[in-house]
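Commentary on secondary and tertiary structure
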Amino acid sequence: MNNSTSALAEPAADDSLTRPFGGVSPYDAYVHASVLNSLQHPLTEAPDEMGFLVTTQVMELWFTLIVHEWRTARVALAKDDLHAATDALVRSRRALTALNGAWAPIAALTPAQFNGFRAAFGQASGFQSAMYRHMEFLLGDKSAGMLRAHRGDPAVHEALGETYRETSLYDEVLAFLGRQGLPVPRNVLERDTTAPHTSDPGVVEVWRRIYDGPQHHPHLALGELLTDIAELVTRWRFEHVLVVRRAMGSKPGSAGSAGLAWLEKRAARPVFPELWEVRGDV
């Protein structure tokens with residue numbers, strides 16, 4: 001290769017890009033990449049443990065974003081700002097899609113590969129994730145027992161307790177529809193918001209009216225967006241079941257759970273149940 005060809009292949013560096021930063025890079029100051037990249041501490045020599053750690057940590061970050069967007073949507077709905085709520089829910093749908101894709105690095109672990117590091121995390125278990133619990137509480141799946149499990153960490157327990165006591169995203173959806181003139185039952189609007197949401201025939205009727213109405217109405221678009229979110233959450237749960245089934249079968253889970261059987265039971269819990277039931281009535 002002659003000098004002229006080499007010069008074309010290697011463009012001159014821009015001095016502004018190679019000048020010393022005078023400290024941490026502006027990128028690191030904003031993103032804190034050096035902090036994130038220092039949080040992986042495998043406890044074994046198993047080659048698959050690093051992928052397990054990174055996958056789990058990435059999922060925690062997606063949980064954080066999804067919780068942020070659902071809280072944003074909840075506040076907007078309380079102000080009857082459907083446009084802002086819709087924007088936040090659409091962003092959360094994208095984040096949920098990315099969350100589901102995050103399973104890929106560990107989705108095909110064999111039992112031997114998983115056993116190579118499983119003992120290292122001892123009593124740690126995914127169901128102990130406080131941020132995932134925020135997600136479930138925001139969906140209306142409240143549990144005093146799951147909140148009580150975090151009493152040993154006062155800051156986490158206090159933050160999770162606030163989400164437990166507050167209205168869920170779905171509570172605010174139904175309150176918004178009620179203010180829009182739809183016949184949301186009073187017992188639903190005035191219910192104990194610390195109790196898990198269960199299907200109500202009156203709410204099914206509200207959604208039936210919406211789905212029987214104009215097919216481009218904003219309320220129907222809201223119902224379909226919530227259905228997308230419910231489907232993505234359910235897909236994440238069932239993907240979790242498949243990953244565990246493939247890696248460890250029906251063995252007991254860590255931290256004393258029933259493992260696969262417990263996950264299967266949790267995965268079967270419907271998200272926004274009336275939105276699924278109404279489809280048989282339209």
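Residues numbered from 1 in each chain as written. Predicted model: local features only at pLDDT ≥ 70, side-chain atom pairs only at ≥ 80, totals over all residues. Heavy atoms only, no water.

Things to note about the overall build of the chain
Rule in force here: Secondary structure elements follow DSSP: runs of H or I of four or more residues count as helices, runs of E of two or more count as strands, with numbering from the N terminus. Partly exposed describes any residue whose relative accessible area lies between the buried limit of under 20% and the exposed limit of over 50%, with all areas from a 1.4 Å probe on protein chains only and scaled to the type maximum. Method for areas: the Shrake-Rupley scheme with a 1.4 Å probe, in which residue coverage is limited to the protein chains shown.
Each helix and strand counted, the chain has 16 helices and zero strands in total. Projected onto its principal axes, the C-alpha coordinates of the chain cover approximately 80 × 50 × 40 Å. The burial tally for the chain puts 40% of its 282 residues in the buried class. When the accessible surface of the chain is split by element, carbon and sulfur atoms take 58% of a total near 15,500 Å².

Observations regarding a nonpolar patch on the surface
Test applied: Only residues whose relative accessible area exceeds 30% and that take part in no salt bridge are eligible for patches, with like-charged residues grouped when within 9 Å of each other and nonpolar side chains (Val, Leu, Ile, Met, Phe, Trp, Tyr) grouped when within 5 Å. Criterion for a salt bridge: a side-chain nitrogen of Lys or Arg within 4 Å of a carboxyl oxygen of Asp or Glu.
A cluster of nonpolar residues, Tyr 27, Tyr 30, Val 31, Val 35, Leu 36, Leu 39 and Leu 61, forms a patch on the protein surface that exposes about 720 Å² of accessible area. Secondary-structure elements contributing two or more residues to the nonpolar patch are helix H3 (26-31) and helix H4 (33-36). Among the elements that make up the nonpolar patch, the one with the highest residue count is H3 (three residues). Given the relative accessible area of 32%, Val 31 is considered partly exposed.

Points about the layout of surface pockets
Stated formally: Grid points spaced at 1 Å over the protein atoms alone were grouped into cavities, where a 1.4 Å probe fits but cannot get out, and pockets, open sets with protein on both sides within 12 Å along at least five of seven lines, with lining residues defined by an atom within 4 Å of a point. Grid points are joined across faces, edges and corners, and a volume is the space filled by probe spheres set on the points. Any residue that is not Ala, Val, Leu, Ile, Met, Phe, Trp, Tyr, Cys, Pro, Asp, Glu, Lys or Arg is counted as polar, Gly included; the first ten are nonpolar and the last four charged.
Its volume calculated, the largest pocket comes out at about 930 Å³. Of all the secondary-structure elements, those providing two or more residues to the lining of the largest pocket are helix H5 (49-78), helix H8 (130-139), helix H14 (218-248) and helix H15 (260-267). Tallied by class, residues from the lining of the largest pocket come to 24 nonpolar, 11 polar and seven charged.

A word on the UniProt feature "binding site: heme" (unreviewed entry) in the chain
For the record, the criterion: UniProt positions are given in the numbering used here, feature names are shortened, and annotations may be inferred rather than shown by experiment. We call two residues in contact when some of their heavy atoms are within 4.5 Å.
In the numbering used here, UniProt assigns the "binding site: heme" (unreviewed entry) feature to His 240. As for its placement among the helices and strands, His 240 is situated in helix H14. Taking relative accessible area as the criterion, His 240 reaches 19% and is therefore assigned buried. His 240 has contacts with Trp 103 and Leu 263, leaving out every residue within four places of it along the chain.

A look at the packing of aromatic side chains
The line we're drawing: Whether two aromatic rings pair depends on their centres lying within 6.5 Å, for rings of Phe, Tyr and Trp, where Trp uses its six-membered ring; planes under 30 degrees apart make the pair stacked, over 60 edge-to-face, and the rest tilted. Whether a charge lies above a ring is judged from NZ of Lys or CZ of Arg, which has to be within 6 Å of the ring centre and within 35 degrees of the ring normal.
If you walk through the whole model with that rule in mind, you get 14 aromatic pairs. Taken together, a centroid distance of 5.6 Å and an interplanar angle of 55 degrees make the contact between Phe 137 and Tyr 164 tilted. With Phe 137 in helix H8 and Tyr 164 in helix H10 (residues 154-165), this pair connects stretches of sequence that are 27 residues apart. Residue Tyr 164 is classed as buried on the basis of its relative accessible area of 13%. By way of ring pairs, the aromatic residues Phe 52, Phe 114, Phe 117 and Phe 121 are connected into one cluster. Above the plane of the ring of Tyr 164 lies Lys 142, whose end atom (NZ or CZ) is 6.0 Å from the centre. Across from the ring centre of Trp 276, 5.8 Å away, lies the NZ or CZ of Arg 279, which sits over that ring.

Here's the deal with the pattern of salt bridges
Inspection of every chain in the model, using the stated rule, returns 17 salt bridges. In this structure, the salt-bridge partner of Asp 228 is Arg 93, at a minimum N-O distance of 2.7 Å. Here Asp 228 is found in helix H14, whereas its partner Arg 93 is found in helix H6 (residues 82-101), with 135 residues between them in sequence. Residue class for Asp 228 comes out partly exposed when judged on its relative accessible area of 29%. Note that Glu 205 is salt-bridged to Arg 209, the shortest N-O span being 3.5 Å. On the criterion of helical spacing, the pair formed by Glu 205 and Arg 209 is a turn pair, its members being four residues apart in helix H13 (residues 201-212). The partly exposed category is assigned to Glu 205, whose relative accessible area is 27%.

What to know about unusual backbone geometry
Of note in the backbone geometry, His 32 takes a positive phi value of approximately 60 degrees without being a glycine. Take His 32: it is sitting in the loop between H3 and H4. Relative accessible area serves as the criterion here: at 43%, His 32 is assigned to the partly exposed category. In this structure, Phe 272 is a non-glycine residue whose phi angle is positive, near 55 degrees. Inspection of the secondary structure assignment puts Phe 272 in the loop between H15 and helix H16 (273-277). Note on Phe 272: relative accessible area 2%, which makes it buried.

What about the UniProt feature "binding site: substrate" (unreviewed entry) in the chain?
Cross-referencing UniProt, the feature "binding site: substrate" (unreviewed entry) maps to Arg 118 in the present numbering. Inspection of the secondary structure assignment puts Arg 118 in the loop between helix H7 (111-115) and H8. Residue classification places Arg 118 among the buried residues on the basis of a relative accessible area of 19%.

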